[in-house]
Amino acid sequence: MTDQRFETLHIIEHPLIQTKLTALRDVRTDNYLFRTLLNQIASLMVYEVFRNTETVKIEVTTPLETTTGVKLAKEITLIPILRAGLGMIAGIQNLIPRARVGHIGLYRDKNTLEPVEYYTKFPPNLAATKVILIDPMLATGGSATAALHFIKKRSVTDISFVCLVAAPEGVARIIADHPDVPIFTAALDRELNEHAYILPGLGDAGDRIYRTE
Ligand code: PRP
Ligand code: URA
């Protein structure tokens, strides 16, 4: 589904994703189940994220003859925003097991809400690959837009952002700063609260994954 307000936003409304997201939101869901569901949703979302991905023809030889098949036109690079983005990587690797993985470490300063970078490690030749930036939560959009700037400094042009729950404020921020980047989410929630947490949301994703609350 697309939202009339946001041209580059794709909301993936598959019933399997939505039922699992409902369980993720539940305050009673413990960290083990939270991680399991998050990875399962990530696997299911990948199917839609890659729907229009470019392929090239290749020859394949079956036991009987040679025919034409396809492979993805570009290598894939997954870039989770630490910490919470890591919680979706195993699920995506289930479907794209040979993807390269880069990392960006960012946290939101509790007072300014601005992202603070503490770690960056990218594979070489990033610009030749299709990059998928991953973070379950898109709140103010500060972290995602900063990460997109870091990635674009490496001349990357083919880049998508995948999250689980998005706030309208964060979507608007990405579209303003990075209108070329498609955004995929499982839910567009109502708003941010005064601490920039998403409502209804699911709380602090990193804390729920790693039991650091
Ligand atoms: C969370 C989340 C995003 C960011 C979203 O990370 O995983 O990275 O907040 O907020 P924003 O859109 O307002 O930038 P957090 O800063 O809590 O770090 P963590 O993943 O290490 O817990
Ligand atoms: N980060 C989270 O983990 N959750 C929110 O609701 C907002 C930012």
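Quick summary incoming for the structure in this document. These numbers come from a predicted model, not from an experiment. (Residues numbered from 1 in each chain as written. Chains lettered and ligands numbered in written order. Predicted model: local features only at pLDDT ≥ 70, side-chain atom pairs only at ≥ 80, totals over all residues. Heavy atoms only, no water.)

### Looking at the pairing of strand β7 (residues 103-108)
Looking at chain direction, strand β5 (residues 76-82) and β7 are connected through two bridges and run parallel. Of the residues in β7, the one forming a bridge with Ile 81 is Ile 104. (Pairing = 2+ DSSP bridges. Helix = DSSP H or I, 4+ residues; strand = E, 2+ residues; numbered from the N terminus.)

### Things to note about the site of ligand 1
Of all residues adjacent to ligand 1, which total 15 residues, the nearest are Arg 108, Asp 135, Thr 140, Gly 141 and Ser 143. Measuring from an oxygen atom of ligand 1, one finds a side-chain N or O atom of Arg 83 at 2.9 Å. Elements with a minimum of two residues in the shell around ligand 1: β7, β10 (137-138) and α4 (142-152). Residues of the shell around ligand 1, tallied by class, amount to six nonpolar, five polar and four charged. (Near = heavy atom within 4 Å. Polar contact = N/O pair within 3.5 Å; in protein donor to acceptor, adjacent residues only side chain to side chain. Nonpolar A, V, L, I, M, F, W, Y, C, P; charged D, E, K, R; others polar.)

### Brief notes about the packing of aromatic side chains
Within this structure, the stated rule accounts for one aromatic pair. Here Tyr 107 and Tyr 118 contribute two aromatic rings whose centre-to-centre distance is 6.1 Å and whose plane-to-plane angle is 35°, an arrangement assigned as tilted. Of this pair, Tyr 107 sits in strand β7 while Tyr 118 sits in strand β8 (residues 115-121), and the two are 11 residues apart along the sequence. The side chain of Arg 108 reaches across the aromatic face of Tyr 197, ending 5.6 Å from its centre. We note Lys 130 situated over the ring of Phe 50; from NZ or CZ to the ring centre the distance is 5.9 Å. (Phe/Tyr/Trp six-rings, centres within 6.5 Å; stacked < 30°, edge-to-face > 60°. Lys NZ or Arg CZ within 6 Å of the ring centre and 35° of its normal.)

### Regarding the nonpolar core
Core analysis: the largest hydrophobic core is formed by 38 residues, its most contacted members being Leu 21, Leu 24, Leu 78, Ile 132, Leu 164 and Leu 202. Those elements that provide at least two residues to this core are α1 (15-25), α2 (31-49), β5, α3 (89-95), β9 (130-134) and α6 (205-210). Take this core: its biggest share by element is eight residues, from α2. The contact partners of Leu 164, leaving out residues within four places of it in the chain, are Leu 21, Leu 24, Leu 38, Ile 41, Asp 135, Pro 136, Thr 185, Ala 186, Ala 187 and Leu 202. Counting 28 residues, the second-largest nonpolar core is a separate cluster that includes Ile 11, Leu 138, Ala 147 and Ile 151. (Core = buried A, V, L, I, M, F, W, Y, C linked by side-chain atoms within 4.5 Å. Buried < 20%, exposed > 50% of the residue type's maximum accessible area, 1.4 Å probe, protein only. Contact = heavy atoms within 4.5 Å.)

### Details of unusual backbone geometry
Residue Leu 82 is joined to Arg 83 through a cis peptide bond whose omega torsion reads 0°. Relative to the assigned elements, Arg 83 resides in the loop between β5 and α3. Residue Leu 199 is joined to Pro 200 through a cis peptide bond whose omega torsion reads -5°. Following the sequence through the fold, Pro 200 ends up in the loop between β16 (198-199) and α6. We note that Asn 125 has phi near 55°; this positive angle belongs to a residue other than glycine. Mapped onto the elements, Asn 125 comes out in the loop between β8 and β9.

### Considering the packing of α1 against α2
Where α1 contacts α2, the axes come no closer than 10 Å and their chain directions differ by 155°. Here α1 lies roughly antiparallel to α2, going by the angle between them. Viewed along their axes, α1 and α2 form a crossing whose handedness is left-handed. Of α2, the residues touching α1 (which contributes Leu 16, Ile 17, Lys 20, Leu 21, Ala 23 and Leu 24) are Phe 34, Leu 37, Leu 38, Gln 40, Ile 41, Leu 44 and Met 45. (Axes fitted to C-alpha atoms, helices over the stretch in contact; angles between N-to-C directions. Parallel < 35°, antiparallel > 145°, perpendicular 65-115°, else oblique. Left-handed = near helix turned anticlockwise from the far one by under 90°.)

### Considering the site of ligand 2
In the vicinity of ligand 2, the residues found are Arg 108, Met 137, Ala 139, Ala 196, Tyr 197, Ile 198, Gly 203, Asp 204 and Ala 205. Taking Ala 205, its main chain carries an N or O atom lying 2.8 Å from an oxygen atom of ligand 2. In isolation ligand 2 offers 240 Å² of accessible surface; the protein chains occlude 89% of this area. Counted by class, the shell around ligand 2 contains six nonpolar, one polar and two charged residues. (Areas by Shrake-Rupley, 256 points an atom, 1.4 Å probe, with all protein chains shown as cover.)

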